[in-house]
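The residues making up each chain are set out below.
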Amino acid sequence: MRITQMWKKSALFLLAGSLLVLATGCGSSGDSSPEAGSTEEVVEKEVKNANYVADGIVLPEHFDNMIYPMEAITVEQYSQGLTYYQNGETPDSFWFPMAVLSSLMAEEDKVDREYDSEFYYYPKEQIDQFADALFYDYSKKKMPLADLDESCLYACYDEEKQKYGLLCGNIGDLGIQIVNCSKINDHYELEVELINTERKDIVSEYLISMYPQMADKVSNGLFAYSIGSCDLIESSEIDELGTDLEYGDGPSIDEDYDIVDGDEITDNSQVDDSEILNQITIDKEEALALAKAYMGEDYTFTFRGKVTIGEYDYYDFAIKEKSTKDVLVCINGLDVVSGRHNKDGSWSFDQ
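Residues numbered from 1 in each chain as written. Predicted model: local features only at pLDDT ≥ 70, side-chain atom pairs only at ≥ 80, totals over all residues. Heavy atoms only, no water.

With that settled, the discussion passes to the sheet that holds strand S6 (residues 163-167). If you trace the four strands from one edge of the open sheet to the other, you get S3-S4-S6-S5, paired in antiparallel fashion. Both edges of this open sheet fall to strand S3 (114-115) and strand S5 (155-158), since each of them pairs with a single strand only. Running at roughly 85 degrees to S6, helix H4 (residues 92-107) makes contact with strand S4 (119-122), S5 and S6 of the sheet. (Pairing = 2+ DSSP bridges. Helix = DSSP H or I, 4+ residues; strand = E, 2+ residues; numbered from the N terminus. Contact = heavy atoms within 4.5 Å. Axes fitted to C-alpha atoms, helices over the stretch in contact; angles between N-to-C directions.)

So, in structure tokens, the structure goes:
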């Protein structure tokens, strides 16, 4: 059993209108780049005809591909409830946005990569460029790559290829728009709206700090800047499972009859148990409440997605404090189990 990761619940997200203007709307990193080794201030210019920038907003020159890391970081916080990675925190906070950034860049054919059915594979040099753009401390050599072991769903290392693999996926119907950009001392602060492009509404707002990279990285790489922080300003939807939520009681089950949509439909003695249980479902928030009841309130849970085990679907929650252990909650609410997801796609469950 393999997990196919979709970064968001909905259909394939297409930002073609926004991304096609990157090459012309923003400055390039060609001969006008600062000299290698310097941290010379990058000249600002107004970016016009870019769908990801609000009218009249001025972005720094060479902004170019930074739209992709910003999308990756905001999607991480919104869809996974993960915070911006700091050295030593849960590795998922590092490898999830790396995987999203990889897929966004690959979709636009901006990076060379090797592909199999689940992962895009890159040499260490390309991994460094992704990490430099997403994490300022990494670009300044203040932290290493996050831990990568068999429990990680979003990345792997292939000894035979001598390359890192980043899980393929897409971000559904999400996109961003930059609504403000200010220069503050040695960095920029950008207000970014995460938008549901199908409904045309704002789902979250973030404040992102962005620092210029050294000129040698600008001239030799894809990104002229590096993200230093990403903080939630406001969210119109409670979709981050790291926040405090109110949960109702789990579903009740009548021992004699199966109830669907309020209607008594059949005597359970005449129906297979698995058929009955498949008709009972709980939502993600109810599943999280059961996971907390099972493991304890002191742990921090991150929703990974749904997995199928045997005849049933389960909500899969990672435990921040136990990096190799997940809690699985059956969608019927009747089974909760902890276990470890193996690299080959199988599960090892606690007894």
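Another point: the nonpolar core. In summary, soluble globular proteins display a tendency toward joint burial of nonpolar side chains. Phe63, Met70, Phe94, Trp95, Met98 and Leu190 are the most contacted members of the largest nonpolar core, which totals 69 residues. Take this core: its biggest share by element is 10 residues, from H4. With residues near it in sequence (within four places) discarded, leucine 190 still touches Leu59, Phe63, Met70, Ile178, Asn180, Cys181, Tyr206, Leu207, Ile208 and Met210. In this structure, Leu288, Phe301, Val327 and Val329 belong to the second largest nonpolar core, which totals 13 residues. (Core = buried A, V, L, I, M, F, W, Y, C linked by side-chain atoms within 4.5 Å. Buried < 20%, exposed > 50% of the residue type's maximum accessible area, 1.4 Å probe, protein only.)

What follows is about the packing of aromatic side chains. In the structure shown here, the tally under the stated rule is 17 aromatic pairs. Note on tyrosine 157 and tyrosine 164: the rings are 4.8 Å apart at their centroids and 65 degrees apart in plane angle, and the pair reads as edge-to-face. Note on tyrosine 157: relative accessible area 27%, which makes it partly exposed. A residue is classified by how much of its surface remains accessible, and tyrosine 164, at 16% relative accessible area, is buried. Joined through ring pairs, the aromatic side chains of Tyr84, Tyr85, Phe94, Trp95, Phe135, Tyr138, Tyr157 and Tyr164 make up one cluster. Positioned above the aromatic ring of tyrosine 121, the side-chain terminus of lysine 161 is 5.0 Å from the ring centre. (Phe/Tyr/Trp six-rings, centres within 6.5 Å; stacked < 30°, edge-to-face > 60°. Lys NZ or Arg CZ within 6 Å of the ring centre and 35° of its normal.)

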